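Residue-level listing of the chains:
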Amino acid sequence: MARIKPQALLLQSKKKKGPSGVSVPTIIVYILIVAVMVFSLFSTYRYWSRRSTVQTQDGISNRKFIERKKSDIPNYALISTSKGQITVELYKDGSPDIVDEFIDFSQKGHFKGMQFTRVIKNFVIHGSKIESPEATEDWTSRGKQYSQLDTSLKHEAFMLGTSKAKHDGGRFDLFITTAPIPDLNDKINVFGRVIKGEDVVQEIEEVDTDDHYRPKTHVQINEVILKHKT
């Protein structure tokens, strides 16, 4: 076997291809791709971080607004009548919609001059600005039913309520019970209770009435004043 001369080996080694290097443009492209990916990730993180912060702040603001709005609702109503003053605690948690409606009517002066149009002993005194002749028979039957009411039946007296009929046409009537009424919730929406002035309610209850339970002398509400504290 013939020996290869050193000069020939040198020529052969020059002909062999070495490993190809990475070009500068390719490196620049890779750097740009990585930069875009990093920027995209940073932008996404920043967006969701801001959104979370805004939602949290909005939630806190809304909660504070609701709490503040709730605290702005009066707790009591001072009903001034021609017989004296009746103080009522409003059930703003138990009957918020009715209380809101009552407050709205009070602020508009709806109850000024309202007459107590029906007075039934051991039942209710009823204030209204609308006389309903068709309801006379119903009131008469109620009076007969409750005139001998068994007071052992448990439902508190001196509760404030309004009829369950829709309050359209600017109507909002008031009932104050004068005895325990077992089926009270079937007849009216209760939204408060008398805490002062029970004697005034009883004095109104004692006025003379005709055969249809209409007071022979006018008894009216002079005004309703809303209070946060008594």
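Quick caveat: nothing in here was measured; it's all calculated off a predicted structure.

## Let's talk about the environment of Ser163
Item 1. Here Ser163 shows up in strand S5 (residues 159-163).
Item 2. In the structure, Ser163 is positioned 37 residues away from His126 in sequence and 9.9 Å away in space, judged by C-alpha atoms.
Item 3. With near-sequence residues (within four places) excluded, Ser163 lies in contact with Asp173, Phe175, Lys187, Ile188 and Asn189.
Item 4. A polar contact of 3.0 Å, which involves the side chain of Ser163, links it to the side chain of Asp173.

## Focus: the environment of Asn122
Item 1. Along the polypeptide, Asn122 turns up in the loop between strand S3 (114-120) and strand S4 (124-128).
Item 2. Overall, Asn122 belongs to the partly exposed group, its relative accessible area being 34%.
Item 3. Residues Asn122 and Pro180, spaced 58 residues apart in sequence, show a C-alpha to C-alpha distance of 8.1 Å.

## Description of helix H5 (residues 198-205)
Item 1. Among the residues of H5, Val200, Val201, Ile204 and Glu205 are the ones counted as buried. For H5, the angular spread of the buried residues around the axis is 145°, confining them to a single face.
Item 2. The secondary structure elements touched by the buried residues of H5 are strand S1 (76-81), strand S2 (84-90), S3, S4, strand S6 (174-177) and strand S7 (188-196).

## Observations concerning the nonpolar core
Item 1. Within the largest apolar cluster, 30 residues are counted, with the highest numbers of intra-cluster contacts made by Ile86, Phe102, Phe111 and Phe191.
Item 2. Elements that contribute at least two residues to this core include exactly S1, S2, helix H3 (96-107), S3, S6, S7, H5 and strand S8 (220-227).
Item 3. If near-sequence neighbours (up to four positions away) are discounted, Phe191 is found in contact with Glu89, Leu90, Tyr91, Ser95, Ile98, Val99, Phe102, Leu160, Gly161, Thr162, Phe172 and Leu174.
Item 4. Among the nonpolar cores identified, the runner-up in size contains 10 residues, and Ile120, Val124, Met159 and Leu184 belong to it.

## Here we look at the packing of aromatic side chains
Item 1. With the rule as written, the count across this model stands at six aromatic pairs.
Item 2. Geometrically, the ring pair formed by Phe102 and Phe172 is tilted, given 6.1 Å between the ring centres and 50° between the ring planes. Here Phe172 lies in the loop between S5 and S6 and Phe102 lies in helix H3, a separation of 70 residues in the sequence.
Item 3. Seen from their ring centres, Phe172 and Phe191 are 5.9 Å apart, and the 80° between their planes marks the pair as edge-to-face. Taken as a pair, Phe172 in the loop between S5 and S6 and Phe191 in strand S7 lie far apart in primary sequence, 19 residues in all.
Item 4. An aromatic cluster of three or more residues is present, and its members are Phe102, Phe105, Phe111, Phe172 and Phe191.

## Structural notes on the side chain of His110
Item 1. By the secondary structure assignment, His110 is in the loop between H3 and S3.
Item 2. At 3.3 Å, the side chain of His110 forms a polar contact with the backbone oxygen of Phe172.
Item 3. For His110, the residues in contact, after removing those within four places along its chain, are Phe105, Lys129, Gly170, Arg171 and Phe172.

## Some details on the confidence of the model for the protein chain
Atomic detail in the predicted coordinates should be set aside for any region of low pLDDT.
Item 1. Chain-level pLDDT for the protein chain is 78 on average; 68% of the residues reach the 70-or-more range.
Item 2. Note that residues 146-154 has pLDDT below 50 and, in this model, 16 contacts with residues that lie over four places away or in other chains.

## Quick look at unusual backbone geometry
Across the chain, the bulk of peptide bonds are trans and the bulk of non-glycine residues have phi less than zero.
Item 1. Here Phe158, not a glycine, exhibits a phi torsion of approximately 60°, which is positive.
Item 2. Of note, Phe158 is situated in the loop between helix H4 (136-146) and S5.
Item 3. The class of Phe158 is buried, set by a relative accessible area of 17%.
Item 4. Despite not being glycine, Tyr213 shows a phi value in the positive range, around 65°.
Item 5. Within the secondary structure layout, Tyr213 lies in the loop between H5 and S8.
Item 6. Owing to a relative accessible area of 17%, Tyr213 belongs among the buried residues under this scheme.

## Looking at the pairing of S3
Item 1. The buried count for S3 comes to six of seven residues, which makes it a mostly enclosed element.
Item 2. Pairing of S3 with S8, which is carried by two bridges, proceeds in the antiparallel orientation. Its bridge partner being in S8, Gln115 is matched across the sheet by Gln220.
Item 3. Bridging between S3 and S4 involves five bridges; their strand directions are antiparallel. Counted as the bridge partner of Arg118 is His126 from S4.

Conventions and cut-offs
- Residues numbered from 1 in each chain as written.
- Predicted model: local features only at pLDDT ≥ 70, side-chain atom pairs only at ≥ 80, totals over all residues.
- Heavy atoms only, no water.
- Helix = DSSP H or I, 4+ residues; strand = E, 2+ residues; numbered from the N terminus.
- Contact = heavy atoms within 4.5 Å.
- Polar contact = N/O pair within 3.5 Å; in protein donor to acceptor, adjacent residues only side chain to side chain.
- Buried < 20%, exposed > 50% of the residue type's maximum accessible area, 1.4 Å probe, protein only.
- Arc of directions from axis to C-beta.
- Core = buried A, V, L, I, M, F, W, Y, C linked by side-chain atoms within 4.5 Å.
- Phe/Tyr/Trp six-rings, centres within 6.5 Å; stacked < 30°, edge-to-face > 60°.
- pLDDT = per-residue confidence, 0-100.
- Pairing = 2+ DSSP bridges.

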